[in-house]
Amino acid sequence: MMVIFGGRTSDSSALNDTWGLRRHRDGRWDWVPAPYKTNTMAPTLRYQHSTLFLGPLMVVIGGRTNTVGEVVPLEVYDTESSEWTPFNSLQRFRHVCWSVGFIIYVHGGFEQDTPNIPINVISTIDGEKLFANHETLYEK
């Protein structure tokens, strides 16, 4: 299954929905919304972000919102519990990210302070340290 999160509408409003493109055994494809638990935190509306998976955890990094300069948390969606968890993180948009083990690498893009000057920096986020105080995420 391919999973996408967020983006923008045709009128440039930020989104916070998650969808999966699944293929059926008979060859048909369809889009299905990810389940969200009611009465829990909703993820931040955002676009120009990056998303990757660490096992069953979808990690959403950086991006921009409908408010210029807004601090955007790193957020983790647990596909097994359908819950979101926010974390403080670096502020980037239009960047790329990848992981090796539990280390997340974030390259390039723009910072909120200088939104017109691209940066050529690789930053790391240690997933083990990030999740250390969140036992349910750390165990996954």
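This text goes with the structure placed above it.
Numbering of residues begins from 1 in every chain and follows the order in which that chain's sequence is written. Reporting in this predicted model follows two pLDDT cut-offs: at least 70 for local features of residues, and 80 or more for side-chain atom pairs to be given and counted; totals over whole chains, interfaces and linings ignore these cut-offs and use all residues. The basis for every side-chain value is the complete set of non-hydrogen atoms in the structure, without hydrogens or water.

**Student:** Would you mind showing me how to read the packing of aromatic side chains here?
**Tutor:** Aromatic ring pairs are defined here through the distance separating the ring centres and the angle between the ring planes. Only the six-membered ring of Trp is used, alongside the rings of Phe and Tyr, when aromatic pairs are assigned; centres must lie within 6.5 Å, and planes under 30 degrees apart are stacked while those over 60 apart are edge-to-face, with the rest tilted. A full pass over the atoms with the stated rule returns 7 aromatic pairs. The interplanar angle of 90° and the centroid separation of 6.0 Å between the aromatic rings of Y36 and W84 together place this pair among those described as edge-to-face. Of this pair, Y36 sits in the loop between β3 (29–33) and β4 (50–54) while W84 sits in strand β7 (residues 83–87), and the two are 48 residues apart along the sequence. Exposure classes here rest on a 1.4 Å probe applied to the protein chains alone. A residue is buried below 20% of its type maximum, exposed above 50%, and partly exposed in between. In this structure W84 comes out as buried when scored by relative accessible area, which is 6%. Relative to W84, the ring of Y77 has its centre 5.0 Å away and its plane inclined at 40°; by these criteria the two rings are tilted. Accessibility classification places Y77 together with W84 in one group, the buried group. Put simply, the rings of F5, Y36, Y77 and W84 touch in pairs and so form one group of aromatic residues. Between R8 and the ring centre of Y47, over which it is positioned, the NZ or CZ distance is 4.2 Å. Two limits define a charge over a ring: the Lys NZ or Arg CZ must be within 6 Å of the ring centre, and within 35 degrees of the ring normal. Above the ring of F93, the side-chain terminus of R64 is found at 4.1 Å from the ring centroid. Secondary structure elements follow DSSP: runs of H or I no shorter than four residues count as helices, runs of E no shorter than two count as strands, and numbering proceeds from the N terminus.

**Student:** So what exactly am I meant to see when it comes to unusual backbone geometry here?
**Tutor:** Peptide bonds are mostly trans, and most non-glycine residues show a negative phi. Phi is positive for N39, which is not a glycine, with a value near 60°. Counting through the fold element by element, N39 comes out in the loop between β3 and β4. Positive phi values are uncommon outside glycine, yet S82 reaches one of about 60°. Its location among the elements puts S82 in the loop between β6 (74–78) and β7. Judged by its relative accessible area of 11%, S82 is buried.

**Student:** Help me understand the sheet that holds β3, please; the structure alone is not making it clear to me.
**Tutor:** Note on sheets: strands pair through backbone hydrogen bonds, and any given pair is parallel or antiparallel. One open sheet accounts for 3 strands, arranged β1-β2-β3; its pairing is antiparallel. Only two strands of the sheet have a single neighbouring strand rather than two, namely β1 (2–8) and β3. Strand after strand, the sheet turns through a mean of 30° between neighbouring axes, direction not considered. The pairing of strand β2 (residues 14–23) with β3 spans 5 bridges and is antiparallel. Looking at the pairing, R22 lines up with D30 of β3. DSSP-based pairing: two strands are paired if at least 2 bridges between them are found. Axis geometry follows a simple rule: fit a line to the C-alpha atoms, using only the stretch in contact for helices, then measure angles between N-to-C directions, giving values from 0 to 180 degrees.

**Student:** What exactly am I supposed to notice about a nonpolar patch on the surface here?
**Tutor:** On the surface, M2, I4, W19 and W31 cluster together into a nonpolar patch covering about 380 Å² of accessible area. Positionally, W19 belongs in strand β2. Residue W19 is classed as partly exposed on the basis of its relative accessible area of 31%. Patch definition: residues with relative accessible area over 30% and no salt bridge; like charges joined within 9 Å; nonpolar side chains (Val, Leu, Ile, Met, Phe, Trp, Tyr) joined within 5 Å. The Shrake-Rupley method, run with a 1.4 Å probe, gives the accessible areas here. Residue values count only the displayed protein chains as cover. Definition used for salt bridges: Asp or Glu carboxyl oxygen within 4 Å of a side-chain nitrogen of Lys or Arg.

**Student:** What should I look at first to understand the nonpolar core in this one?
**Tutor:** The nonpolar side chains of a soluble globular protein tend to be buried, and buried together. Ranked by internal contacts, the top residues of the largest apolar core, which has 15 residues, are V59, I61, L74, V76, I104 and F131. Elements supplying a minimum of two residues to this core: β4, β5 (57–61), β6, β10 (103–107) and α1 (127–131). Counting residues per element, this core draws most heavily on β5, at 3 residues. Contacts are assigned to residue pairs that have any heavy atoms within 4.5 Å of one another. If sequence neighbours within four positions are ignored, F131 has contacts with L54, L57, V76, F87, L137 and Y138. Note on terminology: a nonpolar core comprises buried Ala, Val, Leu, Ile, Met, Phe, Trp, Tyr and Cys residues joined through side-chain atoms within 4.5 Å. Ranked by size, the runner-up nonpolar core spans 5 residues in total, among them F5, M58, V60 and Y77.

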